[in-house]
Amino acid sequence: MRCPSISTFSILLMQLLLTSSCCPLAQGLKLQAKVNENGNIDILMVHDGKLWLRSSEVFIRSNGRLHSSNPPSTTESSVGLLKVYSIERGIEGSDIFGSFNTTTVTWVTEDSVKVEFSVSEYHEGGQIIFTQRFPQGLNITSANDPDQVITSFPSFQLPNKQKNKLSYSRGFLAYAGSMMGSEYVIDRWGNASDSLPGGMRSTGPLVIFDDDGNNDLDKNHDGSKNNSPSSNQRAQQRAGGDAIVLSAFSQFMSANQVNDNSSNLLRYGIMGNVTEVPLNFEMKFIISADKGINKAMHMWGEKLLKYYGKSRAALEQDLTINYLGYATDNGAWYYYNTEGNKSYEETLIEVRKQHTDKMKIPYRFLQIDSWWYYQDEKSWGTHGIKNWTAKPDVFPHGLDYVYNHTNWPYIAHNRFWSNNTDYAQQNGGDFKFCMDDKKSFPLEQSFWEFLFDYGKSWGLYVYEQDWLFGEDDMNHCTLSSATSARTWLLQMGRSAHKHGVYIQYCMEPSRFVLQSVEIPQVSQARASEDYKPGSDQWRIGITSIFGDALALAPLKDNFWSNSSEIGRYGTQVEEYPDLQAAVSTLSTASVLPSDSMFSPNVSLILKSVRADGMLLKPDSPAKMTDKAIISQLRPQSSSSSVTTPTIIGDLWISHSYVSGLVFPQVFAAESSAYSLGVEEIVESCSVELNLEEEEEEDKNDGDTAKEERCLPSMFSSSSFSSLYLAVNTASPHPLKTLTYVSSSSFSSSIGDRAQQPSSHMLNLPKTTKASFEVWSLSPVLRNGWSLLGDVSKWVPVASKRFQQIEEIGRGNRGEMINNNISGMASQLSATILGSPGETVTVYAAYLKNKQDVESLESSLILFSATCVLPESGSSRVTFPQKTCLYI
């Protein structure tokens, strides 16, 4: 997605806009850091002065001892005093985020080891950065526990359940475990001392947020009644409560977050098994603030991407997350299994003949899993890599033979290296490896040059690095060093870039997701556990928030498209193939059917793609809504008078952006009945922008209206009627579900006849996995037209299907509404993209009378046009003429 020109915007409006990844960073909320004479820090939200975090004891390990700013009162030889040596305030500086003010506290041990702990408060942008700096380095530091820390700064007090009522009006979301933090924890902040995760596998971003359920528009800040809440106040409520995100900001692979129950502190620092800290080593942590969970995570991610210079280009360029592929991963029919007595080579070539040549399923690549290369004897619960070459019984003629016969490049799996690997000098190989009891670890850039040279010779396109948690947190080579794990990943990334290979992370703890901001070639990562028919690993609505924030496509894994397949995994069947296909498409990552030779559900698979295999997906992945996340919080009180909130369930929203217009998708599965308005689905462009006033201005602008905006989660200029039409693409008959959704600022005003603003919600019923829904919303343009798109697909209006949507004959709303339909001056046109010879049926709707919108049957006219695309693969469709112009 690229931003169009915004030359006609005023400077003031530009300052208000919430931007996408390709536009300048928004201001966010402002944080303040107050440092006292003891070196302790209070973190406050400037706009209301509320305290969010308070720091406490800091420590380091050096020369075999723990040195603490608050040592035990009893003398213990193992604990020394870490005291303030100096405090330097008012240090002005600037970086890519703008200007900041730094306070640096220099601490000194009893044996004269100095460390510098700094806090930088930015004048704009809503972030605070903490820095640990070690001018002298540190020696003999290990705590003999990788889940602990050898340095602690910042160290924040966790809430006291008995004393802090405010902590129970806040919640937290902590990403934990492997697969993009898929073992996340959601709880009240007041319970953090018991439930907040940490350590090697659970150091991820931590979101602390206000429970916006208490955000009452009818009350002022002082508790008095508010008889007329302003549009700004409504927008503030829609944006959600305040939220902060805490995470590492550098040295991601050696940074730990620790819930220290003994002192009731949340500690950040260098992981606990590191034996020494290099001279002048630095580690940074960040707190970023914004409104709402999703927005706070998005803007936090944008800051990391901007700081490290990583763009979202790989999301557009990586073939495997833009086209349909076939998988042999765990859960697939051909995972460690071939067809009859055939070899893998014969089986996969036959899959190409049956699925693609005969059934016309347009697979464009092939994922090959761990069954194809040489593995060592089982040594650590599973097998390590001995040699990453194809076994002759698997590919008798080599990997390049299958590539040449299928024209499918590979996503090729790899796992951790055995200590018996053929590549290590210790075993007669050519490269330096660090050896552990069971595993080993490559140390040279030249190794990755060799490996990717080999891979490119047989069609390697994506290198899938699996078993990441085992390679990292169960290997002394990485656990004992502050820098080796980062060096390993950077070496891999540099060689991948040189060879034009993309990287997928799998079984990755959160630290790997964070580290990816330094590695442009990492384009995707697994967002849930391995697929097995009948499993619930489709739930990626929360992990996708994390992945998308850092420009990673959140991969759901493969799936079976047919519920009749049985026998590969005992009696397991896939009861909900439609659900699997929908989630895979809405994830924006790879869509990977993995059916047997003769069992794919062709029509279901084709619902995700164009005829050439291009995925018709959103531009931002489906993510759980703030309200759905907050609904998972436990009640604030055990009192019988407190009503237990209804858990909303899996309610996700994604967006497509075409010609500056926003086309949202709403996904609901295993969810409670719930109603959404436009504000929650699309969200406002700024929590401070007065939507009613801007719409009034637009009425007076005529043809000088604002240009299109390339901005997520906002109203586009062309759809400022705040009115959307919606169809359920999970229904076998989407058009029969047609309804409309309007915002609270929607007014059916015609000429001088103005009616009161009203809203119409998207009313979702209670859903199951079988009755899930996917609603696609299309804005009603100024001239009364709405592009419903290709409703045979999960995403009817995708940016890979439509471009250059144009409303013709704009005029004012009254003239357009009163046009005679048979001779109307207004038109709608759009460019269709696809494969030469592909037949595409496009639907559009015309709103005859905005005043009677509640009666859709009488106020709407549906149009359809069927176009056969020419050799160019594009055609221009125009309504109401229903013409297709080849271009």
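Quick look at the structure, then. (Residues numbered from 1 in each chain as written. Predicted model: local features only at pLDDT ≥ 70, side-chain atom pairs only at ≥ 80, totals over all residues. Heavy atoms only, no water.)

**A closer look at the sheet that holds strand E48 (residues 883-886)**
The strand order across the open sheet formed by 4 strands is E43-E44-E47-E48, and the pairing between neighbours is antiparallel. Looking at strand neighbours, the two that pair on one side only are strand E43 (802-808) and E48, the edges of this open sheet. With strand direction ignored, the average angle separating the axes of adjacent strands in the sheet is 20 degrees. Two elements, strand E47 (residues 874-879) and E48, share 4 bridges in a ladder whose sense is antiparallel. Across the sheet, residue Arg-876 finds its bridge partner in E48, namely Leu-885. (Pairing = 2+ DSSP bridges. Helix = DSSP H or I, 4+ residues; strand = E, 2+ residues; numbered from the N terminus. Axes fitted to C-alpha atoms, helices over the stretch in contact; angles between N-to-C directions.)

**Description of the packing of aromatic side chains**
Per the stated rule, a full pass over the model turns up 58 aromatic pairs. Relative to Trp-652, the ring of Trp-538 lies with its centre 6.1 Å away and its plane at 40 degrees, an arrangement referred to as tilted. Of this pair, Trp-538 sits in the loop between strand E32 (522-526) and helix H14 (543-549) while Trp-652 sits in strand E35 (residues 649-658), and the two are 114 residues apart along the sequence. Trp-538 sits in the buried class, given a relative accessible area of 0%. (Phe/Tyr/Trp six-rings, centres within 6.5 Å; stacked < 30°, edge-to-face > 60°. Buried < 20%, exposed > 50% of the residue type's maximum accessible area, 1.4 Å probe, protein only.)

**Quick word on the environment of Ser-563**
For Ser-563, the location among the structural elements is in the loop between strand E33 (553-555) and helix H15 (577-586). For Ser-563, a relative accessible area of 42% gives the class partly exposed. Ser-563 sits 14 residues away from Pro-577 along the chain, and the two C-alpha atoms are 6.4 Å apart. Not counting chain neighbours up to four residues away, the residues in contact with Ser-563 comprise Val-573, Glu-574 and Pro-577. (Contact = heavy atoms within 4.5 Å.)

**Observations concerning the nonpolar core**
With 191 residues, the main nonpolar core has Trp-372 and Trp-388 as its most contacted residues. Within the second largest apolar cluster, 22 residues are counted, among which are Leu-781, Val-797, Val-842 and Ala-844. (Core = buried A, V, L, I, M, F, W, Y, C linked by side-chain atoms within 4.5 Å.)

**Here we look at helix H9 (residues 445-457)**
End to end, H9 covers 19 Å across 13 residues, agreeing with the expected 18 Å (1.5 Å per residue, within 8%). Buried within H9 we find Phe-447, Trp-448, Glu-449, Leu-451, Phe-452 and Gly-455. Immediately downstream of H9, the backbone of Gly-459 shows phi near 105 degrees, a positive value. (Expected span 1.5 Å × (residues − 1).)

**What about the pairing of strand E9 (residues 114-122)?**
Of all 9 residues making up E9, 7 are buried, and the element is well covered by its neighbours. Here 9 bridges tie strand E8 (residues 98-108) to E9, and the two strands are oriented antiparallel to one another. Across the sheet, residue Phe-100 finds its bridge partner in E9, namely Tyr-122. The antiparallel pairing of E8 with E9 creates a hairpin that spans 5 residues between the two strands, and Ser-112 there sits at a positive phi of about 70 degrees. As defined by bridge partners, E9 adjoins strand E10 (residues 127-134) across 6 bridges and the pair is classed as antiparallel.

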